[in-house]
Amino acid sequence: YAARGIVGVAKPTEAKAIPPTEAPRIDQRKTEMEEWSIPTVTDKLSISETDFLQKYINEKKSLGQIATETYQDITDVEKQEKWTYAHMQEVIEKTIEEQYAERDIVEKAGLKEFLRLKGELKDYLGNKLDPKLKKEEEYHNLAMLPWLWAAEGQGVRPDAIADEIDARGDDLTAYGSAETGLPAARLNGERGRTCGQLRLFADHIRKGAFLDRRFDPALPDRAPLPRPDLRMIQRPLGPVGVFGASNFPLAFSTAGGDTAAALAAGCPVVYKGHPGHPATGEIVAQAIAAAVEKTGMPKGTFGFVQSNTNAAGEALVQHPLTRAVGFTGSYRGGKALFDLAMARPEPIPFFGELGAINPVFILPAAATARAAAIGTGWAGSLTMGVGQFCTNPGVVVVPDAQADAFIGAAQDALAQVAPTPMLTGGTAEGYRAGVAQAASHASVQTCLNAGGTGREGGPALFVVAGTDWLANPDLAAEMFGPAGIVIRAKDQGEVQQIAQALHGQLTCTLQMDDADLDAARALVPVLERKAGRLLVNAFPTGVEVADSMVHGGPFPASTNFGATSVGTLAIRRFTRPVCYQDMPQALLPQDLQDQ
């Protein structure tokens, strides 16, 4: 920790958290730590200086190993209380800074030894100290700055937020189900996904990979011109405004991917609560506030605004302190906010997810072998969550010769699904309007329209020829519900035309067998320019939270084709690269210094 600059520890008798503005650097604290020397260490460990140096230098044992061998003799509770993580940190800091370096053994053992040491010490102290000293918040408050993740994300701890959300699980399920109509099992699963993503981010930022540190050392003797010392690192953008989605009241809402990524990057967040689930959002906001307080972060780390007016959202986007925006929602709302962000005197990044139809392409061999099975599977994916997933596969392209088998199986499966409450009355209204618009086309065959009243939405199935779909661009509009359009393609040439006519998508799916490889090879170069994720022999509903996941795509699937809102790469949206040329060590960010 000392090597990474997050050791703002008070003196042993004055242990307390230190605000960032008062946090001294290591090189400013030498006088404060003069009492900590090797004799002090050996006295605390009840070991002679000769034995200590033998173990530490010649045997190359770490402080953690030495402490493990000697500390068991210290049983007095008062001494244990003094030998807290904070005190151990002071000892490490002094030893590394003045003793380790003075003996000129850095090259022999290196500071990598020290970075490994911190883990040993934490494990050791957590297992050996008196149980009443094991409280996690004690170690953090004593041993770290309030911005304790400066080297590990520069923001509030995502796993602390996950713990607070889990502690409110029953209330979240009860209120979430009442507000959205989603069943308890779905909400419990979504809470697990939300907390899993937060903990994934916590692990990722501990590793520091998202900082993308790069170093080109100076070449003073290079001809014809010398090269300067160049160092690069990702730095936080600043305050981020976040708009959550209605369809995922947890995973894409208050503590969803945008909020988690911005906080992990070191950016404060102002979140506009979604009017479709205000109580659920409030409970999650309280969980984040509790985590902020427990980890010693400033109160301004997270803000939550309840409003169902456009004015509140517009103010958030246009506020001069807002440095970026994350949005998940409709094309209409997202495009309006995007335009406001671009019209500012200083335009800011707007990371919006605005909708997609996520087409599925069934290739000839697969259609011949299993069209009916694919139809049944597609119907299940189409109606999952009442069709309100952003990855809902709303369009299927199938060879005309095998289309009847696919359509028959899909229609049979959809007919078994009754109209179901949607997220809001407005969502159901908009869905039924989209279904009516599709059905109004003379060239479109309506195979099923289960209807629905009030807040309910039922499945709908439409069929259209490839030429007619190409001639009517409005058939490519998202209906946001359990409605699908089957496009009958006369040949692979028309399939290529349909693929090329697509707007940006979150996903494109291939249903194929081995005999379809040539057809797939022709499609993939087109589809990878249309979507952020390509699938084979699966359906796109369900987005794995992982390092490799991309949830985004060309416009209008998202407003920034180079970003993702799911997975660890999402953090990068809220950072920017800064290069430091010939910068003195004392002025460099801790994560870029030589050590």
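Higher on the page you've got the structure.
Presented here is a report on the structure given in the accompanying data block. These numbers come from a predicted model, not from an experiment.

**Side note on the overall build of the chain**
Of the regular secondary structure elements, the chain holds 21 helices and 17 strands. Here the chain holds 595 residues, and 53% of them are scored as buried. Considering only intrachain contacts with a sequence separation of at least 6, the fraction spanning at least 24 residues in the chain is 75%. Put simply, the chain shows about 25100 Å² of open surface, and 53% of that area lies on carbon and sulfur atoms.

**Comments concerning the nonpolar core**
In terms of nonpolar packing, the biggest core is built from 44 residues, with Ile161, Ile165, Ile571 and Phe574 touching the most fellow members. Put simply, the parts of the chain that give this core at least two residues each are α9 (158-167), α11 (184-207), β3 (240-243), α12 (257-265), β4 (269-273), α13 (278-294) and β17 (575-581). For this core, the leading source of residues is α13, giving 7 residues. Leave out the neighbours within four places in its chain, and phenylalanine 574 touches Arg235, Pro236, Leu237, Val240, Asp258, Ala261, Ala262, Ala265, Cys267, Ala324 and Phe351. In terms of nonpolar packing, the next biggest core, distinct from the first, is built from 35 residues, Val386, Ala483, Ile487 and Ala489 among them.

**So, the side chain of glutamine 402**
Note that glutamine 402 resides in the loop between β9 (395-399) and α17 (403-415). Side chain to side chain, glutamine 402 and threonine 368 meet in a polar contact 3.3 Å long.

**Remarks on the packing of aromatic side chains**
Tallying each qualifying case throughout the model produces 9 aromatic pairs. For the ring pair tyrosine 331 and phenylalanine 555, a centre distance of 6.0 Å and an interplane angle of 65 degrees mean the geometry is edge-to-face. Linking tyrosine 331 in helix α15 (residues 331-343) with phenylalanine 555 in the loop between β16 (531-536) and β17, this pair joins segments that are 224 residues apart in sequence. Judged by relative accessible area, tyrosine 331 falls into the partly exposed class, the value being 40%. By relative accessible area, phenylalanine 555 is classed as partly exposed at 39%. On the basis of an interplanar angle of 40 degrees and a centroid distance of 5.5 Å, the ring pair of tryptophan 378 and phenylalanine 406 is categorised as tilted. Note that tryptophan 378 is positioned in helix α16 (residues 364-383) and phenylalanine 406 in helix α17, a separation of 28 residues in sequence.

**Observations regarding the environment of arginine 573**
With respect to the secondary-structure elements, arginine 573 resides in the loop between β16 and β17. In this structure arginine 573 comes out as buried when scored by relative accessible area, which is 6%. Sequence separation of arginine 573 and alanine 261 is 312 residues, and the distance between their C-alpha atoms is 8.0 Å. Beyond its immediate sequence surroundings of up to four residues, arginine 573 is in contact with Leu237, Gly257, Asp258, Ala261, Phe351, Ala563, Thr564 and Ser565. A polar atom in the side chain of arginine 573 sits 2.8 Å from the side chain of aspartate 258. At a separation of 3.2 Å, a polar atom in the side chain of arginine 573 contacts the main-chain carbonyl oxygen of threonine 564.

**Observations regarding the packing of α11 against α12**
In contact at an axis separation of 10 Å, α11 and α12 are set at 20 degrees when each is read in the N-to-C sense. Here α12 runs roughly parallel to α11, going by the angle between their axes. Between α11 and α12 lies a crossing whose hand is right-handed. Residues Gln197, Leu198, Phe201 and Ile205 of α11 lie in contact with α12, whose contacting residues are Gly257, Ala260, Ala261 and Ala264. When the residues that make up the contact of α11 with α12 are grouped by side-chain class, the tally is 6 nonpolar, 2 polar and no charged.

**What to know about the environment of glutamine 197**
If you trace the backbone, glutamine 197 turns up in helix α11. Owing to a relative accessible area of 4%, glutamine 197 belongs among the buried residues under this scheme. Sequence-wise, glutamine 197 and glycine 256 are 59 residues apart; in three dimensions their C-alpha atoms are separated by 8.4 Å.

**Remarks on helix α18 (residues 425-439)**
Compared with the 21 Å implied by 1.5 Å per residue over 15 residues, the 21 Å span of α18 between its first and last C-alpha is a close match. Listing the buried residues of α18 in full gives Thr427, Ala428, Tyr431, Gly434, Val435 and Ala438. The buried side chains of α18 occupy one side of the element, clustering within an arc of 125 degrees when seen end-on. The exposed set on the far side of α18, more than 90 degrees from its buried face, consists of Gly426 and Glu429. Check the buried side of α18 and you find it contacts β11 (445-449), β12 (456-457), β13 (460-465) and β14 (483-489).

**A word on the sheet that holds β9**
What the 7 strands build is an open sheet, ordered β11-β13-β14-β9-β8-β15-β16; its pairing is mixed. Strands with a single pairing partner mark the edges of an open sheet, and in this sheet they are β11 and β16. Sheet twist, expressed as the mean angle between neighbouring strand axes with direction ignored, is 20 degrees. Sheet topology note: the β11/β13 ladder contains 4 bridges and is antiparallel. Looking at β13, one finds that glutamine 445 is bridged to valine 463. Lying over the sheet, α18 contacts β11, β13 and β14, oriented at roughly 30 degrees with respect to β13. Against the sheet, helix α21 (residues 517-527) touches β8 (360-362), β15 (505-511) and β16, its axis set at about 175 degrees to β15.

**A short note on α17**
Here α17 contains 13 residues, and its C-alpha end-to-end distance of 18 Å stays within 8% of the 18 Å for a straight helix at 1.5 Å per residue. For α17, the secondary structure elements touched by its buried residues are β8, α16, β9, β11, β13 and β14.

**Considering unusual backbone geometry**
Looking along the chain, the bond that leaves alanine 223 and enters proline 224 is cis, with omega of 5 degrees. Here proline 224 shows up in the loop between β1 (214-216) and β2 (230-236). Despite not being glycine, asparagine 358 shows a phi value in the positive range, around 45 degrees. Along the chain, the position of asparagine 358 falls in the loop between β7 (350-353) and β8. Take asparagine 358: its relative accessible area is 0%, and that puts it in the buried class. Within the chain, valine 386 stands out as a residue other than glycine whose phi angle is a positive 55 degrees.

**Some remarks on the pairing of β3**
Covered by surrounding structure in β3 are Val240 and Val242 together with Gly241 and Phe243, the residues of both alternating faces. What joins β3 to β4 is α12, and the crossover it makes is right-handed. Summarising the sheet, β3 and strand β6 (residues 324-328) pair through 4 bridges and their orientation is parallel. For valine 240, the partnering residue across the bridge sits in β6 and is alanine 324.

**Observations regarding the pattern of salt bridges**
In this structure the tally under the stated criterion is 20 salt bridges. Here glutamate 190 and arginine 186 are joined by a salt bridge, their closest N and O atoms 3.1 Å apart. Separated by 4 residues within a single helix, glutamate 190 and arginine 186 lie in helix α11, roughly one turn from each other. Each member of the pair, glutamate 190 as well as arginine 186, carries the same accessibility label: buried. Connected through salt bridges with shared partners, the residues Asp163, Asp166, Arg191 and Arg199 form a single ionic network.

Conventions we followed
Residues numbered from 1 in each chain as written. Predicted model: local features only at pLDDT ≥ 70, side-chain atom pairs only at ≥ 80, totals over all residues. Heavy atoms only, no water. Helix = DSSP H or I, 4+ residues; strand = E, 2+ residues; numbered from the N terminus. Buried < 20%, exposed > 50% of the residue type's maximum accessible area, 1.4 Å probe, protein only. Contact = heavy atoms within 4.5 Å. Areas by Shrake-Rupley, 256 points an atom, 1.4 Å probe, with all protein chains shown as cover. Core = buried A, V, L, I, M, F, W, Y, C linked by side-chain atoms within 4.5 Å. Polar contact = N/O pair within 3.5 Å; in protein donor to acceptor, adjacent residues only side chain to side chain. Phe/Tyr/Trp six-rings, centres within 6.5 Å; stacked < 30°, edge-to-face > 60°. Axes fitted to C-alpha atoms, helices over the stretch in contact; angles between N-to-C directions. Parallel < 35°, antiparallel > 145°, perpendicular 65-115°, else oblique. Left-handed = near helix turned anticlockwise from the far one by under 90°. Nonpolar A, V, L, I, M, F, W, Y, C, P; charged D, E, K, R; others polar. Expected span 1.5 Å × (residues − 1). Arc of directions from axis to C-beta. Pairing = 2+ DSSP bridges. Right-handed = clockwise from strand over helix to strand, strands pointing away. Salt bridge = Lys/Arg side-chain N within 4 Å of Asp/Glu carboxyl O.

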